[in-house]
Amino acid sequence: MAFKFIKSLTRNSGVLRRSPAAYQPGCRYVSQGAWEKHLTVYEDSETGIATITMHKLPVNSLSLGFMTELGAAVKRLDRERECRGLILTSGIPGIFSAGLELSHLIQAEETRLIEKFRSLQELWLQLYTCRLCTIAAINGHAIDGGCMTALTADYRVMLNGDFKVGLNETRLGLPMQSWMFGTLQQVVGFREAQIFAGRGELINPVEALRRGLVDKLCEDENSLMAAVNEEMATWLKVPTVARKNTKTAIRANLAKEFRTYRELEIRETVKLVMRKEFQKDLITLVEEIKRKKQTADVAQASVSL
């Protein structure tokens with residue numbers, strides 16, 4: 001097979017170095033430009049399958065710049081006629097993505113908060129409306145915004161282990177946005193979505209499979225990528241136009257609703273985040289995470305609240 005999953009990534013003076021394994025026949029390296037400093041993008045020219053590997057240390061947190069970078073990469077691949085499938089995964093062991101950087105919400109200016117939440121919306125919209133067959137290879141913790149990116153995929157395969165996955169913003173004091181609840185509902189059904197949203201639950205991979213949050217579990221990374229590639233091949237057997245138009249039709253209503261209420265939800269969310277009571281609780285929460293990082297690994301500290 002022409003495509004090979006690249007796990008090891010190194011940097012020198014801010015320049016991404018490609019592993020020698022990247023130079024495979026038929027595998028085209030397409031990640032270019034300084035703005036793509038936290039992603040590696042590979043596209044197999046024989047199959048038309050691209051892989052985006054996130055590697056923003058320490059936990060692939062969704063900063064403003066990273067969300068812009070990821071959204072732009074997806075948009076570019078979505079426009080490439082030869083590209084038919086997209087795999088989204090992480091190059092950081094034990095971490096898919098830990099979601100938004102909470103510390104960036106502390107005492108932030110209103111314009112900055114608006115920009116951040118708008119970027120989160122744009123990332124969701126780009127992933128959700130992407131014409132490509134998308135599969136999330138969840139090889140670690142997938143929290144809040146990290147879980148959101150996985151939920152936009154057509155199929156989710158997760159690595160089994162001591163990991164957590166879920167949407168926990170209500171536990172942090174933020175109401176779940178309607179578009180995020182709608183995405184969750186499409187995956188797990190209305191009643192399960194209500195429970196997930198109301199409790200702000202983070203669950204283990206076995207429970208996630210049982211409740212429909214992920215579609216398949218694998219016991220190691222090799223079998224994970226093998227399962228992802230096998231599933232992708234199955235999806236791509238369907239004629240492209242039929243698959244793409246069906247996906248668009250299924251997702252059209254939520255995308256339309258999102259565009260109607262997006263600015264209202266941004267204003268309401270920013271208003272809430274800027275409240276003194278919320279800021280006080282947020283500072284306490286971030287300080288607690290920092291204390292836990294001193295006695296535990298970064299990944300566990302990021303998801304233990």
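Undergrad: Report on the overall build of the protein, specifying residues and quantitative values.
TA: Secondary structure assignment for the protein yields ten helices and 13 strands. Buried positions account for 55% of the 305 residues belonging to the protein. Accessible surface computed for the protein: about 14300 Å², of which carbon and sulfur atoms make up 52%.

Undergrad: Tell me about the sheet that holds strand β9 (residues 140-143), residues and numbers included.
TA: Pairing in this open sheet of four strands is mixed, and the strands run β7-β9-β11-β12 from one edge to the other. Edge positions in the open sheet fall to β7 (94-97) and β12 (202-203), since each of these has one partner strand only.

Undergrad: So what about the packing of helix α1 (residues 64-79) against helix α2 (residues 110-128)? Which residues, and what values?
TA: Orientation of α1 relative to α2, taken along the N-to-C sense of each, is 25 degrees, at an axis distance of 9 Å. With respect to their mutual orientation, α1 and α2 come out roughly parallel. In this structure, the crossing between α1 and α2 has a hand that is left-handed. Contact with α1, carried on its side by Leu64, Met67, Thr68, Leu70, Gly71, Val74, Lys75 and Asp78, involves Arg112, Glu115, Lys116, Ser119, Leu120, Leu123, Gln126 and Leu127 of α2 and no other residues of that element. Among the residues forming the contact of α1 with α2, the class breakdown is seven nonpolar, four polar and five charged.

Undergrad: Which residues make up the packing of aromatic side chains, and what values do they have?
TA: Counted under the stated rule, the structure contains five aromatic pairs. Their ring planes at 85 degrees and their centres at 6.1 Å tell us that Trp179 and Phe258 sit as a pair that is edge-to-face. Note that Trp179 is positioned in helix α4 (residues 178-188) and Phe258 in helix α8 (residues 240-273), a separation of 79 residues in sequence. As far as the burial class goes, Trp179 and Phe258 line up, both buried.

Undergrad: Which residues make up the nonpolar core, and what values go with them?
TA: In this structure, Ile52, Leu184 and Leu213 are the most contacted members of the largest nonpolar core, which totals 84 residues. Per-element tally for this core: the top contributor is α2, with eight residues. Ignoring any residue separated from it by four or fewer positions in sequence, one finds Ile52 in contact with Leu39, Thr40, Val41, Leu70, Ala73, Val74, Leu77, Leu86, Ile87, Leu88 and Thr89.

Undergrad: Please provide a residue-by-residue account of the pairing of strand β6 (residues 85-90), values included.
TA: Burial analysis of β6 places six of its six residues in the buried class, the great majority of the element. The two faces of β6 match: Gly85, Ile87 and Thr89 on one face and Leu86, Leu88 and Ser90 on the other face are all buried. The sheet contact formed by strand β5 (residues 49-54) and β6 spans six bridges and is parallel. Across the sheet, Thr53 pairs through a bridge with Thr89, a residue of β6. As paired elements, β6 and strand β8 (residues 133-138) share four bridges and run parallel to each other. Along β8, the bridge assignment pairs Leu88 with Ala136.

Undergrad: With reference to specific residues and values, describe the environment of Leu172.
TA: Here Leu172 is to be found in the loop between β11 (165-166) and α4. Along the chain, Leu172 and Leu282 lie 110 residues apart, while their C-alpha atoms are 7.7 Å from each other. Apart from residues lying up to four places away in sequence, Leu172 is in contact with Leu102, Phe278 and Leu285.

Undergrad: Lay out the pattern of salt bridges in plain terms, naming residues and giving numbers.
TA: In total, this model carries 15 salt bridges according to the counting rule given. The closest approach of N and O atoms between Glu101 and Lys56, which form a salt bridge, is 2.7 Å. Here the residue Glu101 occupies a position in the loop between β7 and α2, and Lys56 occupies one in the loop between β5 and α1, the gap between them amounting to 45 residues. Of the charged contacts in the structure, one is a salt bridge between Glu201 and Arg211, with a shortest N-O distance of 2.9 Å. Of the two residues, Glu201 is situated in the loop between α5 (190-199) and β12 and Arg211 in the loop between α6 (205-210) and β13 (216-218); the sequence distance between them amounts to ten residues. As far as burial versus exposure is concerned, Glu201 and Arg211 are alike and both buried.

Conventions adopted
Residues numbered from 1 in each chain as written. Predicted model: local features only at pLDDT ≥ 70, side-chain atom pairs only at ≥ 80, totals over all residues. Heavy atoms only, no water. Helix = DSSP H or I, 4+ residues; strand = E, 2+ residues; numbered from the N terminus. Buried < 20%, exposed > 50% of the residue type's maximum accessible area, 1.4 Å probe, protein only. Areas by Shrake-Rupley, 256 points an atom, 1.4 Å probe, with all protein chains shown as cover. Pairing = 2+ DSSP bridges. Axes fitted to C-alpha atoms, helices over the stretch in contact; angles between N-to-C directions. Parallel < 35°, antiparallel > 145°, perpendicular 65-115°, else oblique. Left-handed = near helix turned anticlockwise from the far one by under 90°. Contact = heavy atoms within 4.5 Å. Nonpolar A, V, L, I, M, F, W, Y, C, P; charged D, E, K, R; others polar. Phe/Tyr/Trp six-rings, centres within 6.5 Å; stacked < 30°, edge-to-face > 60°. Core = buried A, V, L, I, M, F, W, Y, C linked by side-chain atoms within 4.5 Å. Salt bridge = Lys/Arg side-chain N within 4 Å of Asp/Glu carboxyl O.

All we've got here are geometric facts, nothing functional implied.
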